[in-house]
Amino acid sequence: MALDWVGNLVSIHCGPTLGVYQGEISSVDQTSQTISLRNPFHNGVKCTVPEVTFSAMDIKDLKILEISKNSIEVSKQNGPESSSTTLMPHVGRKDKGGGGGGGASVNSAPVMVPNKAEPRLQEGGVSPVPHYSKRSSSCRGPNQATPKKNGLKNGGHMKNKDDECFGDGMDDVLDEDFDFEGNLALFDKAAVFSQIESSERRGNGARSRGTPGEQTPSRYRHDENILEAKPVVYRQITVPQNGSKEYSTDSGLVVPSISFELHKRLLAAAESHGLSLERRLEMTGVCASQMALTLLGGPNRLTPKNVHQRPTVALLCGPHVQGAQGISCGRHLANHEVEVVLFLPNFVKMLEAITSELALFGKTGGRLVSNVKDLPGTPVDLVINCLDSHENGFLRDQPWYKAAADWANQNRAPVLSIDPPVSGQAHAVEAKWSLSLGLPLPLSEGAGRVYLCDIGIPRQVFQEVGIKYHSPFGCKFVIPLHSE
């Protein structure tokens, strides 16, 4: 009887156009010659509808994949004469006269259910829709739309290829939530870090077994030469009398400090060979302004889109060479769109270098004031201190000097000192940075972080005053120094 086949798993082949369907038989109607499958699969892909109904005329072959226990018991009761031809009269037998409905025989041999069968089209690319019942409009998934006519021309073949690659049913997988806590528990952080530490210890041990004192670094910079022709000499500058302090560069080169007397002799020797005071002032102004522009923010601050927030710099200068160096720095800063306020007290007679620098500064549009009361009342971006002189210490007792130093200490802006005096003199203005020229002087802790600028003194000029010199600047004109 037809009800005996309900529950069996079958595979129905509907020809090259409709493909192969697998599922569990839910009902068999011998009157209308239809068979229905529940939970159907089409070409290995689960259908989106719970049930599909086929007509006998669409079925080419029917194979039984698994027989239910109910069918086995019924088959034993009815005896061996019970045939599968009672399933559907037009499926599984041929009439003697050659006529038949489906013309396919029932094969009870189980076959493997394919994960995905390659859909085949008829000539012309037309894929007719199977005869479904009203309760199931379509068994095709969202990626299995019926191709249009002339599917090969309109991309139907590529559509089927996409379905094969990306159209696998992932609904069951996506319905399950990912267990983050469970997967995190599988990660043994302590074991991983222990393995990393043990590998580093083994690497360090392998390096330490080499020649003592010659350990090969494990990592190199992209611009570092790993083929060293000879060992690096870090003390490339020697002075006749070692100063009280030594500095080092970022690369480890030792830069000794020199006394003010030796520094004065060095500048005098350079001037005798053509490095005049005007040249030194220009070089010092360029280096100091470059450092100041970097401290003000560099390209992040000085951009065409930021003209409404131009930085303000207050320059405090005295009537000496150090003051002329500050005026030169202010001229270069004003040329780079920095608001410069220059403080210089009034004197009846000034140095020629200061007079010429003031004339050039007046062409930049910067503001010159001679009274501390005319300095900005609000904090500025940077204060550049050039009040001190190496030789004229009596200037510190002047009222204008004390007033300017008090204003700088109360303004709460960072201070950059250019060519500050040696450590024997107290600093009236606490600086955050100090810029030395050529070779550093032994500065005190109040000078802040020390920088060194190249003012263009040749090597042979250093040798004339007894200094063995190799440039520590590399590709820069201003470098930081670190206290030893």
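See the structure shown above.
Sequence order sets the numbering: in each chain, residues are counted from 1 along the sequence as written. Given that this is a predicted model, residues contribute local features only at a pLDDT of at least 70 and side-chain atom pairs are listed and counted only at 80 or more, while totals for whole chains, interfaces and linings are drawn from all residues. For the side-chain quantities, the full set of heavy atoms in the structure was used; hydrogens and water were omitted.

S.K.: Can you break down the overall build of the protein residue by residue, with the values?
M.R.: Counting its regular elements, the protein contains 12 helices and 18 strands. Per-residue accessibility, obtained with a 1.4 Å probe over protein chains only, is compared with the maximum for each type, and a residue is labelled buried under 20%, exposed over 50%, and partly exposed between these values. Here the protein, with 484 residues, has 42% of them falling under the buried criterion. Contacts: residue pairs with any heavy atoms within 4.5 Å of one another. In the protein, of all internal contacts separated by at least 6 residues, the share reaching a separation of at least 24 is 65%. Only DSSP runs of H or I with at least four residues qualify as helices, and only runs of E with at least two residues qualify as strands; both kinds are numbered from the N terminus onward.

S.K.: Go over the sheet that holds strand β12 (residues 367–369), please, and point to the residues and values.
M.R.: Sheet strands pair via backbone hydrogen bonds, and the direction of the pair is either parallel or antiparallel. Note on pairing: DSSP must find at least two bridges between two strands before they are called paired. With mixed pairing, eight strands are arranged side by side in an open sheet as β12-β11-β10-β13-β14-β15-β16-β17. Each edge of the open sheet carries a strand with a single partner, namely β12 and β17 (478–480). Along the sheet, successive strands turn relative to each other by an average axial angle of 20°, direction set aside. Two strands pair when backbone bridges link them, and strand β15 (residues 433–437) and strand β16 (residues 449–453) are joined in this way by five bridges, in the parallel orientation. Considered in β16, the bridge of W433 is made with R449. Those strands touched by helix α11 (residues 399–410) are β10 (312–317), β11 (339–343) and β13 (382–386), and its axis lies near 150° from that of β10. Here, axes are lines fitted to C-alpha atoms. For helices the fit covers the stretch in contact, and angles between N-to-C directions go from 0 to 180 degrees.

S.K.: How would you explain the state of the cysteines if you had to name every residue and give the values?
M.R.: Disulfide assignment relies on a single distance test, namely cysteine sulfur atoms paired within 2.5 Å. Under the criterion given, the structure shown has zero disulfides. Considering cysteine sulfurs only, C317 is the nearest to C386, which forms no disulfide, with 4.7 Å between them. Under the relative-accessibility criterion, C386 is labelled buried at 1%.

S.K.: Tell me about the pattern of salt bridges, residues and numbers included.
M.R.: We define a salt bridge as a side-chain nitrogen of Lys or Arg found within 4 Å of a carboxyl oxygen belonging to Asp or Glu. What the rule picks out here adds up to 11 salt bridges. A salt bridge links E337 to R310, with the nearest nitrogen and oxygen atoms 3.6 Å apart. Here E337, found in the loop between α9 (321–335) and β11, pairs with R310, found in the loop between α8 (277–295) and β10; they are 27 residues apart in sequence, far enough to count as distant. For E337, a relative accessible area of 49% translates into the label partly exposed. Sharing partners across several salt bridges, the network here consists of E282, R331 and E357.

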